[in-house]
Amino acid sequence: MHLDVPLKVHYYGTPVVLVTTTNPDGTTNVAPMSSAWWLGDCAMLGLAGSSRTTKNILRTGACVLNLAPADLVGQVDRLALLTGEPVLSAHKQETGYRYEPRKFEAAGLTRQASDLVAPERVAECPIQLECELVTSHDFGTAQALQVRVLRSHVDESILVPGTAYVDPHKWDPLIMKFCDFFGDARPLSASRLAEGWAMPGRAPA
Ligand SMILES: Cc1cc2nc3c(=O)[nH]c(=O)nc-3n(C[C@H](O)[C@H](O)[C@H](O)COP(=O)(O)O)c2cc1C
């Protein structure tokens, strides 16, 4: 029986992205987010308007989407209640956030220069997408930011050898379900989409 449940959170399981952006003083901010989806070389990001990340993207038109692997959960969690925004919203004050201008150091993450955009990459993330802002939509408390991937960096350890394809057996994304972290993804079955797309490195049938 289905119950009428007024859910507080609609995070059903999405990869955690560490978004890097450029602060007004030229330093790189890094923030976790999970409301992201992709279609082709475009991504749509759902971000609170009060976040330093949102303000930085709207001001500079650039960001890097660093896809967090499951084994980065400790560093991601250390970022969870930090903001690069000096003026905290009432919600952030109530939920225990604090201003931290040096988040890479606070989380124990390593900076890596980008090729095409100003924000640095997160070296520990095997997939890093340098992006430019295409357009934004104001949803009141949140912004939907459409960005285009300009360059994708993929660590060779997760590639199907000799190809430009990520091996889904080797890529273990950190997943946010409701408000908890999950990882260690196991293959369930082969997908018809992968068959139609002639994708290598597929799950066994
Ligand atoms: C795992 C995780 C996922 C998150 N997902 C989102 C999200 O999708 N959108 C959002 O606005 N905030 C999200 N947050 C909260 C932001 O990280 C938070 O607002 C943070 O202050 C942003 O940092 P900034 O102010 O320096 O940009 C998430 C936090 C965590 C820990």
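For the structure itself, consult the block above.
In every chain, residue numbers begin from 1 and rise along the written sequence. Reporting in this predicted model follows two pLDDT cut-offs: at least 70 for local features of residues, and 80 or more for side-chain atom pairs to be given and counted; totals over whole chains, interfaces and linings ignore these cut-offs and use all residues. With hydrogens and water stripped out, all remaining heavy atoms of the structure feed into the side-chain values.

Visitor: Lay out the overall build of the protein with the relevant residues and their values.
Guide: Labels follow the DSSP assignment, with helices taken as runs of H or I lasting at least four residues and strands as runs of E lasting at least two, numbered in each case from the N terminus. A count of helices and strands for the protein gives 5 helices and 14 strands. Only C-alpha atoms enter the radius of gyration, while the globule expectation follows 2.2 Å times N to the 0.38, with N the number of residues. Taken over the C-alpha trace, the protein has a radius of gyration of 18 Å; the compact-globule value for 205 residues is 17 Å, and the two agree within 12%. Along the first, second and third principal axes, the C-alpha atoms of the protein reach 55 × 50 × 30 Å. A 1.4 Å probe rolled over the protein chains alone gives each residue an accessible area, and that area as a share of the maximum for its type sets the label: buried under 20%, exposed over 50%, partly exposed in between. Here the protein holds 205 residues, and the buried ones make up 38% of them. Carbon and sulfur atoms make up 56% of the accessible area of the protein, which amounts to about 11,800 Å² in all. Across the protein, 18 positive and 22 negative side-chain charges occur, with their mean positions spaced 2 Å apart. Only the protein chains shown count as cover for residues, with accessible areas throughout obtained via the Shrake-Rupley method and a probe of 1.4 Å. Neither His nor the chain ends is counted toward charge; the positive residues are Lys and Arg and the negative residues Asp and Glu. The atom standing in for a charge is NZ when the residue is Lys, CZ when it is Arg, CG when it is Asp and CD when it is Glu.

Visitor: Please set out the sheet that holds strand β14 (residues 180-182) residue by residue, giving values where relevant.
Guide: Pairing between strands is defined by DSSP: at least two bridges between them are needed. One open sheet holds the 3 strands; their spatial order is β1-β13-β14, and the pairing between them is antiparallel. At either end of the open sheet lies a strand with only one pairing partner, and these are β1 (14-15) and β14. Pairing geometry for strand β13 (residues 175-177) and β14, over 3 bridges, is antiparallel. Bridge pairing in β14 places Lys177 opposite Asp180.

Visitor: Give me the lowdown on the site of the ligand, citing residues and values where you can.
Guide: It suffices for a single heavy atom of a residue to lie within 4 Å of a molecule or strand for the residue to be listed as near it. The full set close to the ligand counts 21 residues, and Pro32, Thr53, Thr83, Gly84 and Lys103 are the nearest of them. Note that an oxygen atom of the ligand is positioned 2.6 Å from one of the side-chain N or O atoms of Lys103. Compared with its free state, where it exposes 630 Å², the ligand has 90% of that area covered by protein. In this analysis, the protein atoms alone were mapped onto a 1 Å grid. Cavities are point sets where a 1.4 Å probe fits without being able to get out; pockets are open sets with protein on both sides within 12 Å along at least five of seven lines; lining residues have an atom within 4 Å of a point. To be counted as sitting in a cavity or pocket, a molecule needs more than half of its atoms within 2 Å of that site's grid points. Here the ligand occupies the second largest pocket. At the level of secondary structure, the elements contributing two or more residues to the shell around the ligand comprise β3 (28-33), β5 (42-48), α1 (52-60) and β7 (82-83). Considering each element in turn, the shell around the ligand owes the most residues, 4 residues, to β3. The residue classification treats Ala, Val, Leu, Ile, Met, Phe, Trp, Tyr, Cys and Pro as nonpolar and Asp, Glu, Lys and Arg as charged. All others, Gly included, are polar. Taken together, the residues that form the shell around the ligand break down as 10 nonpolar, 8 polar and 3 charged. Any pair of nitrogen or oxygen atoms within 3.5 Å is treated as a polar contact; in protein, a donor-acceptor pairing is required on top of that, and neighbouring residues in sequence qualify only through side-chain atoms on both sides.

Visitor: An account of the layout of surface pockets is needed here, citing residue identities and associated values.
Guide: Grid points are joined across faces, edges and corners, and a volume is the space filled by probe spheres set on the points. Its boundaries defined by the atoms lining it, the second largest pocket holds a volume of some 1,100 Å³. If you go around the second largest pocket, you meet 37 residues; those closest to its centre are Tyr11, Pro32, Ala80, Lys92 and Tyr97. Within the residue set of the lining of the second largest pocket, elements represented by two or more residues are β3, β5, α1, α2 (73-79), β7 and α3 (90-94). Among the elements that take part in the lining of the second largest pocket, β3 stands out by supplying 4 residues, more than any other. Looking at the lining of the second largest pocket, its residues break down into 19 nonpolar, 13 polar and 5 charged.

Visitor: Before we move on, could you go through the packing of aromatic side chains and cite the residues and values that matter?
Guide: Any two of the Phe, Tyr and Trp rings considered here, Trp counted by its six-membered ring, make a pair once their centres fall within 6.5 Å; the pair's planes then place it as stacked at under 30 degrees, edge-to-face at over 60, or tilted in between. In the structure shown here, the tally under the stated rule is 1 aromatic pair. The interplanar angle of 85° and the centroid separation of 5.4 Å between the aromatic rings of Tyr12 and Phe178 together place this pair among those described as edge-to-face. Of this pair, Tyr12 sits in the segment before β1 while Phe178 sits in the loop between β13 and β14, and the two are 166 residues apart along the sequence. In this structure Tyr12 comes out as exposed when scored by relative accessible area, which is 53%. Taking NZ or CZ as reference, Lys92 lies 5.0 Å from the ring centre of Tyr97, over its face. Here Lys177 stacks its cationic end above the ring of Phe182, 4.1 Å away from the centre of that ring. Any Lys NZ or Arg CZ found within 6 Å of a ring centre and within 35 degrees of that ring's normal is scored as a charge over the ring.

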